[in-house]
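# A structural walkthrough
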Amino acid sequence: MPHCIDEQAEQIETLLHLPAILAPIFGLILLGLFHTEAKQHTLSSQDASFCHGELEVIYPELDIYECLIIPKSLREQVSQVWKAPQVYFSTAQKKKTYVLVMVDPDAPNRSKPTSAYWRHWLVVDIQGSALKEGQVEGTSLTDYKPPTPPSNSGFHRYQFMLFEQPPDVSVSLTEQEEASRGKWDFQAFITSFDLGEPVATLQFLTQNYKD
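The present account deals with the structure reproduced in this document.

What counts, and where the lines are drawn
Residues numbered from 1 in each chain as written. Predicted model: local features only at pLDDT ≥ 70, side-chain atom pairs only at ≥ 80, totals over all residues. Heavy atoms only, no water. Helix = DSSP H or I, 4+ residues; strand = E, 2+ residues; numbered from the N terminus. Buried < 20%, exposed > 50% of the residue type's maximum accessible area, 1.4 Å probe, protein only. Lys, Arg positive; Asp, Glu negative; His and termini not counted. Salt bridge = Lys/Arg side-chain N within 4 Å of Asp/Glu carboxyl O. Polar contact = N/O pair within 3.5 Å; in protein donor to acceptor, adjacent residues only side chain to side chain. Pairing = 2+ DSSP bridges. Axes fitted to C-alpha atoms, helices over the stretch in contact; angles between N-to-C directions. Disulfide = S-S within 2.5 Å. Core = buried A, V, L, I, M, F, W, Y, C linked by side-chain atoms within 4.5 Å. Contact = heavy atoms within 4.5 Å. Phe/Tyr/Trp six-rings, centres within 6.5 Å; stacked < 30°, edge-to-face > 60°. Lys NZ or Arg CZ within 6 Å of the ring centre and 35° of its normal.

### Here's the deal with the side chain of Glu177
Counting through the fold element by element, Glu177 comes out in helix 6 (residues 175–179). No salt bridge is formed by the buried Glu177, whose closest oppositely charged neighbour, Arg119, lies at an N-O distance of 5.7 Å. Of note is the side chain of Glu177, whose polar atom sits 2.8 Å from the backbone nitrogen of Thr174.

### A word on the sheet that holds strand 2 (residues 62–64)
In space, the 3 strands of this open sheet follow the order 2-1-4, with antiparallel pairing throughout. Strands with a single pairing partner mark the edges of an open sheet, and in this sheet they are strand 2 and strand 4 (86–89). Between one strand axis and the next, the sheet turns through 15° on average, direction left out of account. As paired strands, strand 1 (residues 55–59) and strand 4 are joined by 4 bridges and run antiparallel to one another.

### Things to note about the state of the cysteines
Using the criterion set out here, one finds 1 disulfide in the structure. Here Cys51 is linked by a disulfide to Cys67, with a sulfur-sulfur distance of 1.9 Å. Judged by the sign of its S-S torsion, about 110°, the cystine formed by Cys51 and Cys67 is right-handed. Here Cys51, found in the loop between helix 3 (45–48) and strand 1, pairs with Cys67, found in the loop between strand 2 and strand 3 (68–69); they are 16 residues apart in sequence, far enough to count as distant. For Cys67, a relative accessible area of 9% translates into the label buried.

### Considering the nonpolar core
Tyr59, Ile64, Phe160 and Phe204 are the most contacted members of the largest nonpolar core, which totals 27 residues. Of all the elements in the fold, those that place two or more residues in this core are strand 1, strand 2, strand 4, strand 5 (97–104), strand 6 (118–127), strand 8 (156–164) and strand 9 (200–206). Other than its neighbours up to four places away in sequence, Ile64 contacts Leu55, Glu56, Val57, Tyr59, Ile70, Leu202 and Phe204. Counting 15 residues, the second-largest nonpolar core is a separate cluster that includes Val103, Leu122, Val124 and Trp184.

### Quick word on the sheet that holds strand 6
Read across the sheet, 6 strands follow the order 3-9-8-5-6-7 without closing on themselves; strand pairing throughout is mixed. Each edge of the open sheet is held by one strand with a lone partner, namely strand 3 and strand 7 (139–142). In this structure, strand 5 lies alongside strand 6, joined through 7 bridges in antiparallel fashion. Within strand 6, the position partnered with Leu100 by the bridge is Val123.

### Quick notes on the packing of aromatic side chains
Applying the stated criterion across every chain yields a total of 11 aromatic pairs. Where Tyr59 meets Trp82, the ring centres are 5.5 Å apart and the plane angle is 25°; that geometry is what we call stacked. On the criterion of sequence distance, the pair formed by Tyr59 in strand 1 and Trp82 in the loop between helix 4 (75–81) and strand 4 is long-range, its members being 23 residues apart. On the accessibility criterion, Trp82 (7% relative accessible area) is buried. With a centroid separation of 6.3 Å and 75° between ring planes, the pair formed by Tyr59 and Phe204 is classed as edge-to-face. Here Tyr59, found in strand 1, pairs with Phe204, found in strand 9; they are 145 residues apart in sequence, far enough to count as distant. Using a relative accessible area of 3% as the deciding quantity, one classes Tyr59 as buried. With a relative accessible area of 1%, Phe204 lands in the buried category. Taken together, the aromatic side chains of Tyr117, Phe163, Trp184, Phe186, Phe189 and Phe193 make up a single cluster linked through ring pairs. One cation-aromatic arrangement involves Arg119 over Trp184; the distance from NZ or CZ to the ring centre is 4.9 Å.

### Observations regarding the environment of Glu76
Note on placement: Glu76 falls in helix 4. A residue is classified by how much of its surface remains accessible, and Glu76, at 41% relative accessible area, is partly exposed. For Glu76 and Thr148, which are 72 residues apart along the polypeptide, the C-alpha to C-alpha distance reads 9.3 Å. When residues no more than four places from it in sequence are discounted, the contact partners of Glu76 are Val81 and Tyr209.

Right, here's the structure in full:
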């Protein structure tokens, strides 16, 4: 069961004075409504197949545990209101460290991504024990920046990738990389620190909330 359900159940029980046994059920119904709305736009098979590895990203009103399109009713919150999400990786190994990356490969738009990859978030030295609790505790090389796709640029993919960090490897950005989030050579970064393939991936799609 997604981690947000237990928290939602407590809130629902308090607000609606529901019996404790019914609150989790009502929470699941609400979560289902969000995911139903999110799927009104159909993902392509390519976009749907990106997610693997049981990564879970939790915003205040949205639990993302599969590839989806952000519902129109929540796009403004994702872009303008919500801060960095919680990130759970239930199969994290407590004694290992991880690298979390969030990128937009569609900047400024998917048909001509001349500014890709756009780096939205980069945290290294994350303890596996923290990820099992939904906490991104590590060294932030790029602070979280919410998705803000330009107007009339269509849907953008926002991709979360989690890598195991090799032992005794200090992951960093070059001065040039620190100077700009855009046009990031993501593959070169992966190769430089021998990160290999991500152990888990997740993505959502959204567009400018005014479109």
